[in-house]
Amino acid sequence: MPAAAAIEVQGLRKTYDDREAVRGIDFSVRRGEVFGLLGPNGAGKTTTVEILEGYRTRSAGSVSVLGHDPEERPPALRERVGIVLQSCGTYPHLSARETVAHWASLYASPRDVEEVIALAGLEEAADRRARTLSGGQQRRLDLALALIGDPELVFLDEPTTGFDPAARRAAWDTVRSLRDLGKTVLLTTHYLDEAQALADRVAIIKDGRILAIGTPGELGVGAAQRVRVSWRGEDGELHEREVDDPTRLLHELTAEALARGGSVRELTVVRPSLEDVYLELTAEEEETVGV
Amino acid sequence: MSDVIALGWRQFRLERKQFWRNPTAAFFGFMLPVVFLLIIGSLTPASDRDIIIPGIAGMNVMASTFNAIAMNMTFRREQGLLKRTRGTPMPTGSYLGGVFGNVAFNGTVQVALTVVGGVVLFGLPWPYHWDELVIFTVVGIFSFTALGIAFSHVIPNFDAAPAYTNFVFLPSILLGGVFFDPATTSSAVLDDIARVLPISHFIAGMRGAIQPDGGLSHHVGDVTVLALWGLVGLWFAIRGFSWEQRRA
Ligand SMILES: Nc1ncnc2c1ncn2[C@@H]1O[C@H](COP(=O)(O)OP(=O)(O)OP(=O)(O)O)[C@@H](O)[C@H]1O
Ligand SMILES: [Mg+2]
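Residues numbered from 1 in each chain as written. Chains lettered and ligands numbered in written order. Predicted model: local features only at pLDDT ≥ 70, side-chain atom pairs only at ≥ 80, totals over all residues. Heavy atoms only, no water.

(A) Layout of the packing of helix H3 (residues 49-79) of chain B against helix H9 (residues 198-209) of chain B. Residues and elements named next belong to chain B. In contact at an axis separation of 8 Å, H3 and H9 are set at 135° when each is read in the N-to-C sense. As judged from the angle between their axes, H3 and H9 are oblique. For the pair H3 and H9, the sense of crossing is right-handed. On the side of H3, the interface is formed by Asp50, Ile51, Pro54, Gly55, Ala57, Gly58, Met59, Val61 and Met62, while H9 contributes Ile199, Phe202, Ile203, Met206 and Arg207. (Axes fitted to C-alpha atoms, helices over the stretch in contact; angles between N-to-C directions. Helix = DSSP H or I, 4+ residues; strand = E, 2+ residues; numbered from the N terminus. Parallel < 35°, antiparallel > 145°, perpendicular 65-115°, else oblique. Left-handed = near helix turned anticlockwise from the far one by under 90°. Contact = heavy atoms within 4.5 Å.)

(B) Region of the structure containing unusual backbone geometry. Residue and element names in this part refer to chain A. Backbone geometry places leucine 66, a non-glycine residue, at a positive phi of 50°. Mapped onto the fold, leucine 66 is located in the loop between strand S4 (60-65) and helix H2 (75-80). Not every positive phi belongs to a glycine, and glutamate 158 is a case in point at roughly 50°. Looking at the secondary structure, you find glutamate 158 in the loop between strand S6 (153-157) and helix H6 (165-180). The class of glutamate 158 is buried, set by a relative accessible area of 5%. (Buried < 20%, exposed > 50% of the residue type's maximum accessible area, 1.4 Å probe, protein only.)

(C) Examining the domain arrangement of chain A more closely. Domains assigned within chain A are domain 1 (5-219) and domain 2 (222-290). One C-alpha centre belongs to domain 1 of chain A, the other to domain 2 of chain A; they are set 38 Å apart. (Domains from an automatic or database assignment.)

(D) Spatial organisation of the nonpolar core. In this structure, Val100(A), Trp103(A), Leu141(A), Ile148(A) and Leu156(A) are the most contacted members of the largest nonpolar core, which totals 49 residues. If one sorts the elements of this core by residue count, helix H5 (residues 135-147) of chain A sits on top with six residues. By size, the runner-up hydrophobic cluster in this structure holds 39 residues, among which are Ala63(B), Ile141(B), Phe144(B) and Ala209(B). (Core = buried A, V, L, I, M, F, W, Y, C linked by side-chain atoms within 4.5 Å.)

(E) Summary view of the pairing of strand S1 (residues 7-16) of chain A. All names here are of chain A. By the bridge criterion, five bridges tie S1 to S4 in an arrangement that is antiparallel. Bridge pairing in S4 links glutamine 10 to serine 62. The sheet contact formed by S1 and strand S2 (residues 19-29) spans eight bridges and is antiparallel. Following the sheet pairing, tyrosine 16 is matched in S2 by arginine 19. Between the antiparallel neighbours S1 and S2 lie two residues, among them aspartate 17 with a positive phi of about 50°. (Pairing = 2+ DSSP bridges.)

Next comes the structure, spelled out in structure tokens:
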């Protein structure tokens, strides 16, 4: 296999009626990579992902998924792709196991049903009718149905929304095990910790545009290279300063405290997390519009 | 090709399982029609049974095909089940074939029950014209199912589905000659309305099959109108088909 990208997106646009939901985005996902699309409600994540899945047509731009144009919906592509939609029902009167087994019959070389049930953490709910499953268990069934065909590429649109913390960790482990198996994963999420924990690279998307793209580490230091230093001053107030290089500031603070014979109280030096970058990037436009 | 058929067969079996496990579907698609047959058949004087019982077959076939598929498609579209299925390698033909097969099976069972019930319980003769019975059953089920799928595109959401289907179903059974023979009614208006509705032509065929002087050759017009309805339904069913619910 050549090292061609699993997903290639160039100048992608999508217009609904007269509002533009995706306004010219470019990114590519390498094979074996976990790629995160991170953004607030209405950013255009689902629109983008569903274009890649072949559910929606694009208004402009070019898209390639495992070498195919998803808009043509080739069956060969559907064999190789697993999909977790943002919200989607199953047959309410079939048990989870029956549903997974039925889905297995739709693929040429499916994985083992019991194995996938275990992988998705569905063992306890496997014999219950789908309509009696909780929201989180439904989501695990969604995951199981996406994995049963043994796909090379998995789309996960908000895979952990509605999960309790334990289920979330379990789902994270599943995504990690997908990566270990060499699968390519494109996931969307609102959760920074999720993007940070799972994604090799993240694109931050808002209002149909990509604001930043890179590894979680790069985004943390790259987009906002500043370091935040905070401390409690002699006046009892909490001070905070953002600087490019904290060496000088720290030297001044400590020198002054030593000269006084005291200490710098509550001193912290933090590098902005992905969360800070995200908030900063996604807040910008609101500020300009809001004030 | 054999894959398409094998997968269609699987889907059909899945649909049967779903049907029997779903109390609402099993009640409206099977139990209620049987109860109607028993009650209405018992209340009808023996001399009118050859008119009314084929009428009930029409009502029950329409309920178990048109109503059932319109509701079911609306439900699956709203739930995203159609969309999910579309994301798998399953051929569209297998899926729709399995879904259609399930409804066709129920419709056939209803015809069989009315025929057998008519003979065993209500003293009707066995059909004189089996060919007519079979042809009308096949064409009727095809037409009502196609119309049901087409109609599901008009229904905005599942909550509204019972109201929408009854809006079509109730006038159909009341005006379409389930409880009277349009040919002998004194009201020209009723007769004209009945002539438009597909159910009246289906019932005409059912009635013809159990009358000695009936027979397919006397109902070519009915089967043609019924088939035309089916083709119109099929055209809208395919043209308007949507795997996803439209956004309001
Ligand atoms: N089928 C549609 N018709 C019209 N507008 C749409 C349609 N789908 C999405 N939109 C609009 O496009 C924009 C992007 O929606 P999209 O669902 O892609 O966002 P998202 O990032 O997935 O949001 P969320 O986090 O809430 O799922 C929104 O303003 C939405 O209202
Ligand atoms: Mg979304």
